[in-house]
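Coordinates in review
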Amino acid sequence: MKNETANMRLRAEVKGTTGRTKHAIGTIVEGKPTPTSELPIPKWVEISEEGGALYLLYFSAEGVCFADTWHQTLEAAKRQATFEFGITPDEWTEIRP
C-alpha cells in the first residue's frame, strides 16, 4: 500500500494570526525553559512529510524556514495551521518538486 503523504508538500499563505499561540527562542534559566525573544509571524507555512512524520514548517518572507512543529497526521498539521493562522482547507496548494 502506497503512503499517500510520501514526498507530499503543501503550502498556504499566512494572512494573519489567531493569537492562540506564541513561538519563541529561549534558553534554560534555573532549570526552566525561558523565552528570550518572540518569533515573527510566518509569511507562509508548508506541510512536509519527512521520515514518516509530518511537519508544519514556518517560512519568512525571504524563504527561510525558522520553525516547525511535528504532527502524526496530515489532518493534525492542517488543524494546527487553522488553530494558529485561520488557514482553511481550500487555501492549501500542492507543491510539485
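Before reading further, recall that the structure is shown in the block above.
Considerations on the sheet that holds strand 1 (residues 9-13)
Note: strands within a sheet are paired through backbone hydrogen bonds, in either parallel or antiparallel orientation. Strand order in this open sheet of 5 strands is 6-5-4-1-7, and the pairing throughout is antiparallel. Edge positions in the sheet fall to strand 6 (65-71) and strand 7 (93-94), since each of these pairs with one other strand and no more. Where strand 4 (residues 44-50) lies against strand 5 (residues 53-59), 7 bridges are found, and the strand directions are antiparallel. Within strand 5, the position partnered with Ser48 by the bridge is Tyr55. Sheet contacts for helix 1 (residues 74-85): strand 1, strand 4, strand 5 and strand 6; angle to strand 5, the most-contacted strand, approximately 25 degrees.

What to know about the nonpolar core
Val45, Ile47, Leu56, Ile87 and Trp92 are the most contacted members of the largest nonpolar core, which totals 17 residues. Mapped onto this core, the elements with two or more residues apiece are strand 1, strand 4, strand 5 and helix 1. Among the elements that make up this core, the one with the highest residue count is helix 1 (4 residues). Setting aside chain neighbours within four positions, we find Ile47 in contact with Met8, Arg9, Leu10, Leu54, Tyr55, Leu56, Leu74, Ala77, Lys78 and Trp92.

Here's the deal with unusual backbone geometry
One non-glycine residue, Glu30, adopts positive backbone phi at about 50 degrees. Mapping Glu30 onto the fold places it in the loop between strand 2 (24-29) and strand 3 (32-38). Judged by relative accessible area, Glu30 falls into the exposed class, the value being 80%.

Some points on the side chain of Glu46
Counting through the fold element by element, Glu46 comes out in strand 4. In terms of polar contacts, Glu46 uses its side chain to reach the side chain of Arg9, at 2.4 Å. Side-chain polar atoms of Glu46 contact the side chain of Arg11, separated by 2.5 Å. In contact with Glu46, not counting residues within four places along its chain, are Arg9, Leu10, Arg11, Tyr55, Leu56, Leu57, Phe59 and Ile95.

Calculation notes
- Residues numbered from 1 in each chain as written.
- Predicted model: local features only at pLDDT ≥ 70, side-chain atom pairs only at ≥ 80, totals over all residues.
- Heavy atoms only, no water.
- Pairing = 2+ DSSP bridges.
- Helix = DSSP H or I, 4+ residues; strand = E, 2+ residues; numbered from the N terminus.
- Contact = heavy atoms within 4.5 Å.
- Axes fitted to C-alpha atoms, helices over the stretch in contact; angles between N-to-C directions.
- Core = buried A, V, L, I, M, F, W, Y, C linked by side-chain atoms within 4.5 Å.
- Buried < 20%, exposed > 50% of the residue type's maximum accessible area, 1.4 Å probe, protein only.
- Polar contact = N/O pair within 3.5 Å; in protein donor to acceptor, adjacent residues only side chain to side chain.

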